[in-house]
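Structural features, examined
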Amino acid sequence: MDTLNKTKRYVYFIGIDISKETLDIAVMAQGSILVHNTIPNEPKAIKDHMLHLKASLKFTTRNTVVGMENTGIYGNHVVNKLKTLKIDTVVDPPLRIKNSSGLIRGKTDKKDAERIALYLYKSRDVLRLRVPRRPIIEQLAGLSTLRKRLQSLHIAMRVPLKENTGFVKKGLIEQNNRLCSRSIDALRLDIKDVEDSIEATWKADEETNRLMTLMQSVPCVGPVVALEILICTNEFKNISTIKQFASYAGIAPFPYKSGTTVRKKTRISKIANKKMKALLHNSAVLAKKFIPDIKAYYHRKMDIEGKHKMSVLNAIRLKIAARVYSCIKNNRLYEKIHEYKPANDLTPPI
């Protein structure tokens, strides 16, 4: 959802700390805080306050940038209003902003807003501006979240009932199953309806239909994995290369060296989209069982070369992701003879 800012020279840096009820807003110029205010997290209040700041400070949309942490739906009002006002916006992960602040003592909403403004000021030459997702991607993201919630409820109902077997009297097990059966069936039907709605939605749009079709042509990349990639990459607009995606998903191996201490093996970072990583792991597990070339690769690395299982599985995750990106880049369905080979700096030394 972002694009690198290379041309604008900002004068005003506005940091916003978001909570469910309120917004703390700090305005910085030349490294000093000029204004701090707390307003309700409501569209009208946001619009009125931004117009007030614009009039009092005389800033323009070209010399001002607003930043905030990615807080999910609580940031929707301010993001949408800034879009309407055509003010450049940065929405970055909390960890990135926190790491830029150095040693932190104490925490208040006011201080957090000031730290975000300072982060914008210090990073002004390399800020990545938010590019809004198309409405259909927002819709698919919402449906994906809803499906996950329903699946969690379904599992929460079914698993305890199964675990009773062998530990609870048969009559009580049958009673519990009977009492929960309608709820479980209803959840199953709801999940099916959501999945049907997801499929109908992406098929109805030419671009999402093209991308989903290309991704699912890769063996062991199903509709759930493909949809998550579509949403996370914003239709491959934000994360456009396999190198960027591998880092984002936590499957890129990085070297570790400090002074005379050098680790022979590279390691993946714990900073990642864990949901995306888990889905790719499921694909890798399936691929090593059912895809001939992957199966042979897994056997060679494990049984002949004696490599660590998780290192081999991570290499398979990277292979699958690379094949997806190759299909997207070449705008063609997956063909074995056109496999994409990752760059040397991404190939795990296993």
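Before going into details, it helps to say that this report is about the structure given with it. (Residues numbered from 1 in each chain as written. Predicted model: local features only at pLDDT ≥ 70, side-chain atom pairs only at ≥ 80, totals over all residues. Heavy atoms only, no water.)

Helix and strand counts for the protein come out as twelve helices and eleven strands. Counting only residues that meet the buried cut, the protein has 40% of its 350 residues in that class. About 20200 Å² of surface is accessible on the protein, with carbon and sulfur atoms providing 54% of the total. (Helix = DSSP H or I, 4+ residues; strand = E, 2+ residues; numbered from the N terminus. Buried < 20%, exposed > 50% of the residue type's maximum accessible area, 1.4 Å probe, protein only. Areas by Shrake-Rupley, 256 points an atom, 1.4 Å probe, with all protein chains shown as cover.)

Per the counting criterion, the structure on display carries 17 salt bridges. With a shortest N-O distance of 2.9 Å, Asp 196 and Lys 192 are connected by a salt bridge. Residue Asp 196 and its partner Lys 192 are located together in helix α6 (residues 170–204), separated by four residues, close to a single helical turn. Judged by its relative accessible area of 33%, Asp 196 is partly exposed. (Salt bridge = Lys/Arg side-chain N within 4 Å of Asp/Glu carboxyl O.)

Another aspect to go through is the pairing of strand β2 (residues 12–18). Most of β2 sits out of view: seven of its seven residues are buried. The side-chain alternation of β2 yields two buried faces, one formed by Tyr 12, Ile 14, Ile 16 and Ile 18 and the other by Phe 13, Gly 15 and Asp 17. With seven bridges connecting them, β2 and strand β3 (residues 22–29) associate as antiparallel partners. Pairing of Tyr 12 across the sheet is with Ala 29, part of β3. Remark: three residues form the turn of the hairpin made by β2 and β3, two consecutive strands paired antiparallel. Where β2 lies against strand β5 (residues 64–69), five bridges are found, and the strand directions are parallel. The residue of β5 that forms the bridge with Ile 16 is Met 68. (Pairing = 2+ DSSP bridges.)

Bridge count for β3 against strand β4 (residues 32–40) is eight bridges, and the pairing is antiparallel. Its bridge partner lying in β4, Asp 24 is registered against Thr 38. Where β3 folds back on β4, the antiparallel hairpin that results is connected by two residues, among which Gln 30 adopts a positive phi of roughly 55°.

An order of β4-β3-β2-β5-β6 is seen for the five strands of this open sheet, with the pairing classed as mixed. Single-partner strands in this sheet number two, and they are β4 and β6 (88–92). Averaged over all adjacent pairs, the angle separating strand axes in this sheet is 20°, with direction ignored. Of the strands in this sheet, β2, β3, β5 and β6 touch helix α2 (residues 76–85), which is tilted by about 165° from β5. (Axes fitted to C-alpha atoms, helices over the stretch in contact; angles between N-to-C directions. Contact = heavy atoms within 4.5 Å.)

This brings us to the environment of Ala 26. Topologically, Ala 26 is positioned in strand β3. Owing to a relative accessible area of 0%, Ala 26 belongs among the buried residues under this scheme.

Enumeration according to the criterion identifies five aromatic pairs in this entry. Centre to centre, the rings of Phe 236 and Tyr 325 are 5.1 Å apart; their planes meet at 80°, and the pair counts as edge-to-face. Separated by 89 residues along the polypeptide, Phe 236 in the loop between α8 (223–232) and α9 (242–249) and Tyr 325 in helix α12 (residues 309–330) bring together distant segments of the chain. Each of the two residues, Phe 236 as well as Tyr 325, counts as buried. Taken together, the ring pairs in this structure connect Tyr 10, Phe 13 and Tyr 121 into an aromatic cluster. Between the NZ or CZ atom of Lys 319 and the centre of the ring of Tyr 297, over which it lies, the distance is 4.5 Å. (Phe/Tyr/Trp six-rings, centres within 6.5 Å; stacked < 30°, edge-to-face > 60°. Lys NZ or Arg CZ within 6 Å of the ring centre and 35° of its normal.)

Along the chain, Val 221 turns up in the loop between α7 (206–216) and α8. Its relative accessible area of 5% is what places Val 221 among the buried residues. Counting along the chain gives 66 residues from Val 221 to Ala 287, while the straight-line C-alpha distance between them is 9.3 Å. Those residues in contact with Val 221 that sit more than four places away from it in its chain are Met 215, Gln 216, Ala 226, Ile 320 and Val 324.

Moving on, we get to α6. With 35 residues, α6 extends 49 Å between its outermost C-alpha atoms, agreeing within 8% with the 51 Å of an ideal straight helix rising 1.5 Å per residue. In α6, a bend of some 45° at Cys 180 exceeds every other bend along the element. All of the buried residues along α6 are Ile 173, Cys 180, Ile 184, Leu 187, Ile 191, Val 194, Ile 198, Thr 201 and Trp 202. Considering only its buried residues, α6 is in contact with α5 (135–163), α7 and α8. (Expected span 1.5 Å × (residues − 1). Bend = angle between axes of the 7 residues up to and from the residue.)

Restricting attention to buried positions, one finds in α2 the residues Val 78, Val 79, Lys 81, Leu 82 and Leu 85. Contact partners of the buried residues in α2: β2, β3, α1 (43–57), β5, β6 and β7 (128–130). Looking one or two residues beyond α2, the residue adopting positive phi is Lys 86, at roughly 60°.

Mapped onto the secondary structure, Glu 228 falls in helix α8. Judged by relative accessible area, Glu 228 falls into the buried class, the value being 8%. When near neighbours in sequence (up to four residues on either side) are disregarded, Glu 228 contacts Ser 144, Asn 273, Lys 275, Met 276 and Leu 279.

At their nearest, the axes of helix α10 (residues 274–290) and α12 sit 8 Å apart, and the two run at 100° to each other. With respect to their mutual orientation, α10 and α12 come out roughly perpendicular. On α12, the residues that touch Lys 277, Leu 280, His 281, Ser 283, Ala 284, Ala 287 and Lys 288 of α10 are Met 310, Leu 313, Ile 316, Arg 317 and Ile 320. Among the residues making up the contact of α10 with α12, the classes are represented as seven nonpolar, two polar and three charged. (Parallel < 35°, antiparallel > 145°, perpendicular 65-115°, else oblique. Nonpolar A, V, L, I, M, F, W, Y, C, P; charged D, E, K, R; others polar.)

Such coordinate-based values are descriptive only and should not be taken to indicate function.
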